[in-house]
Each structure stands twice: as C-alpha cells, then as structure tokens.
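As a plain string of letters, each chain reads:
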Amino acid sequence: MEKKIKKIRIIINPAAGTGGSILPVFNLSMKEAGTKWEASITHQAGDAIKFAKAAVKEGVDALAVYGGDGTLMEAISGLMGSDIPLAILPGGSANVMAEELGIPKDLKAACALMTQVPLTVKTIDVGQFGDRYFILGIALGFGAEMIKGADRETKNRIGIFAYFLSAATALKKTKKAVYHLKIDGQKHEVQGLTCIIANVGNLGFSNISYDKHINVSDGLLDVVVVRKANLSLFKLLAVTLLKRERPDNLELVEHWQGKEISVSSSPRQTVQCDGEVLKEMPLHIKIIPQAIKVLVPKKKDNVIE
C-alpha cells in the first residue's frame, strides 16, 4: 500500500493500559511522520462504534484503536463496508487479535506501523450473527468457562498455567451437551463438552494457538467440538499450551470448516462471544471474508497492497 497516511483518528479506551502516559507517544510518533491526528475517548459501550462511523464520514486515511479486543470489535463494527485501514495499538486486558497478527506490544513500535512506507496491510475475516460482528470466536460450555476463568491478571502472574487452573474449575461447572450443528447446509449432532466456532486460533498469550491450522484470512469459520473430559483432553490442553501445537488425529476432537453455521445445545450451556456472555440461542453465524484491512509488521506471509 503505497499511499502515505496523512490523517488519523485514534480511539482511546481510558480504562486500557498500565497507567503510563500514552498521548506523548502518539504525539511524537505522528509529529515525526508529519501526520495529523485527533483522539476520541470512549466512556461507555457503543462509543467506539460511533467514533469509527464518524471517522469514516470524515474521510480519515486510517483509524487506530488503543484498547482491548472489546474496543477493537466495536471499532471494526463501525468500519464495516469501508476501505479505511485499521491500526491496532495493544493496550487492553485482552489483545488476542494483536497477538494473532504479530502487532508489537511496545506502543511506539505499534505506532510505527501507521507511518512506515510502504504500508503493510493484511485483510482479515469478520464473523457475524444477527446484526452483530465478532473477530475472535464463539465458545459454548467448557471452552467458554475456561476462557472466562483464565483472567489477564492470573495469566500475567503464572503464565500458561492459568489455563490449567481455569480448565480444572471449568470441568466442575460443565456438563455434557448435545450440539445441534448445521454447517453449510450439512447437519451434525455430536455430544461434547465444548463447541468452539473460531475465526482465530490464538489464545491471547505468547502467540499460543489451540489449532495452528485456523486462519483469520481464509474465508472460513472453524467448528471444533471436544467430546469427552478425560486424560486425552488434558493431553490436548498440555500439548497445545506447552508445545504450541494441537496433536493430530486426536479421537476426542471433531473439526469442521464452513461459511455459515447454526448451533444450539441441549441442555443449554454458557456461551461467550469475544469474551461477552450471550443469551441468544440458537445462533446463526456467517463469515464475511476479507472484511477489514489491518496494518501489520512486514512479514513474508502478509498481504502487501
């Protein structure tokens, strides 16, 4: 992408970050690049959507988001249908998409992605159900309980072992369910402990993925069902977290891919979407391929436009 970014809107979630001053970093980075920038501060849910839509009407060259995945998802919702590239500035308690795309954790380095010439852009898919969008995925049952239990503070304190602790607690809460799935018109019924409809495979910690084959730019959603809770499940978790890869041909895991998915469970289980608990059921989900352009570091596998 040869065009230089001259005007940027930065959406800032003031609850994000570690308490350090971020505005001087933005100011210095943009001043050095000769880029005009303005900031919008979120105060409540929905603000980032409103600010992103306003930025599109304003005709900015790029939209930047400083915050976690929740703020990012709102901004993406406001960008849908536009061609404006997104800059992710990790600052929240959860930055899974930033991990997935290799965005630097250092704020100055992340800002540099907006000023490098040529710009490196990767197009990513976005999931949708009803009038809502998501970028990470939807989890039912054990997966939802495990993600909820492995909070950022615990992960920062004990690292990947936070998932083992949350998994043990989640197993006590979760009962098996029958998942009623329809994937691109094909019906499946499978009993299991968790069902995950994933856009990304990253767990949000040290670039660990629960399945290295899940790709945020392949135009497909991945449906993963874990059928039983026994030693094989913990083997799956251990190999995934410690070796950073999922064991192949594990009998307890079912894996499909599709563009349109309907899912419900009997009995009803806890459901999460990008960290938010959902009440809707059944869910009718689809993928919107190549929906958003994101500024990323230069790598061989990135799309350069």
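Residues numbered from 1 in each chain as written. Predicted model: local features only at pLDDT ≥ 70, side-chain atom pairs only at ≥ 80, totals over all residues. Heavy atoms only, no water.

1. Points about the packing of helix H2 (residues 47-58) against helix H3 (residues 69-79)
For step 1, the next point in the chain: Put simply, H2 and H3 touch, their axes get as near as 7 Å, and they point 35° apart. The two elements H2 and H3 meet at a crossing, and its hand is right-handed. For the pair H2 and H3, contact is made by Asp47, Ala48, Ile49, Ala52, Lys53 and Val56 and by Thr71, Glu74, Ala75, Ser77, Gly78 and Leu79, respectively.
For step 2, the next point in the chain: For the contact of H2 with H3, the per-class residue count stands at six nonpolar, three polar and three charged. (Axes fitted to C-alpha atoms, helices over the stretch in contact; angles between N-to-C directions. Helix = DSSP H or I, 4+ residues; strand = E, 2+ residues; numbered from the N terminus. Left-handed = near helix turned anticlockwise from the far one by under 90°. Contact = heavy atoms within 4.5 Å. Nonpolar A, V, L, I, M, F, W, Y, C, P; charged D, E, K, R; others polar.)

2. Observations concerning empty space enclosed by the protein
For step 1, the next point in the chain: Counted under the stated rule, the structure contains one cavity of 30 Å³ or more.
For step 2, the next point in the chain: Of all the secondary-structure elements, those providing two or more residues to the lining of the largest cavity are strand E3 (62-67), H3 and helix H4 (96-101).
For step 3, the next point in the chain: It is H4 that contributes the most residues to the lining of the largest cavity, three residues altogether.
For step 4, the next point in the chain: Here the lining of the largest cavity is built from residues that sort into six nonpolar, three polar and one charged. (1 Å grid on protein atoms, 1.4 Å probe; cavity = no way out; pocket = protein on both sides within 12 Å on 5 of 7 lines; lining within 4 Å. Points joined across faces, edges and corners; volume = space filled by probe spheres on them.)

3. Regarding the environment of Thr120
For step 1, the next point in the chain: Position of Thr120 among the secondary structure elements: in the loop between helix H5 (107-112) and strand E5 (121-129).
For step 2, the next point in the chain: Taking the relative accessible area as the measure of exposure, Thr120 reaches 1% and is therefore buried.
For step 3, the next point in the chain: As for Thr120 and Val296, which are separated by 176 residues in sequence, their C-alpha atoms are 5.7 Å apart. (Buried < 20%, exposed > 50% of the residue type's maximum accessible area, 1.4 Å probe, protein only.)

4. Quick word on the pairing of strand E9 (residues 186-192)
For step 1, the next point in the chain: Bridge count for strand E8 (residues 177-183) against E9 is seven bridges, and the pairing is antiparallel. In the sheet register, His180 faces E9, and the bridge partner there is Glu189.
For step 2, the next point in the chain: Hairpin connection of E8 to E9: two residues between the antiparallel strands, including Asp184 at a positive phi of 50°. (Pairing = 2+ DSSP bridges.)

5. Considering unusual backbone geometry
For step 1, the next point in the chain: In this structure, Pro267 follows Ser266 across a cis peptide bond, with omega equal to -5°.
For step 2, the next point in the chain: Of note, Pro267 is situated in the loop between strand E13 (260-266) and strand E14 (271-273).
For step 3, the next point in the chain: Not every positive phi belongs to a glycine, and Asp184 is a case in point at roughly 50°.
For step 4, the next point in the chain: Mapped onto the fold, Asp184 is located in the loop between E8 and E9.
For step 5, the next point in the chain: Positive phi, normally seen in glycine, also occurs at Gln290, with a value near 45°.
For step 6, the next point in the chain: Examined against the element boundaries, Gln290 turns out to sit in strand E16 (residues 283-295).

6. Comments concerning the pattern of salt bridges
For step 1, the next point in the chain: A full pass over the atoms with the stated rule returns six salt bridges.
For step 2, the next point in the chain: A salt bridge links Glu38 to Arg9; the shortest N-O distance between them is 3.1 Å. Separated by 29 residues along the polypeptide, Glu38 in strand E2 (residues 36-41) and Arg9 in strand E1 (residues 7-12) bring together distant segments of the chain.
For step 3, the next point in the chain: Close ionic contact of Lys50 with Asp47 constitutes a salt bridge, the shortest N to O distance being 3.8 Å. (Salt bridge = Lys/Arg side-chain N within 4 Å of Asp/Glu carboxyl O.)

7. With respect to the packing of aromatic side chains
For step 1, the next point in the chain: Here the structure, examined in full by the defined rule, presents three aromatic pairs.
For step 2, the next point in the chain: Where Phe26 meets Trp37, the ring centres are 5.9 Å apart and the plane angle is 65°; that geometry is what we call edge-to-face. Pair noted here: Phe26 is in helix H1 (residues 23-33) and Trp37 is in strand E2, with a separation of eleven residues, a long-range link.
For step 3, the next point in the chain: Take Trp37: its relative accessible area is 22%, and that puts it in the partly exposed class.
For step 4, the next point in the chain: Aromatic side chains Phe26 and Tyr66 sit 6.1 Å apart centroid to centroid with 80° between the ring planes, which places their arrangement in the edge-to-face category. Residue Phe26 is found in helix H1, and its partner Tyr66 is found in strand E3; the two are separated by 40 residues along the sequence. In this pair, the class of Phe26 matches that of Tyr66, namely buried.
For step 5, the next point in the chain: An aromatic cluster is defined as three or more aromatic residues linked by ring pairs; in this entry it consists of Phe26, Trp37 and Tyr66. (Phe/Tyr/Trp six-rings, centres within 6.5 Å; stacked < 30°, edge-to-face > 60°.)

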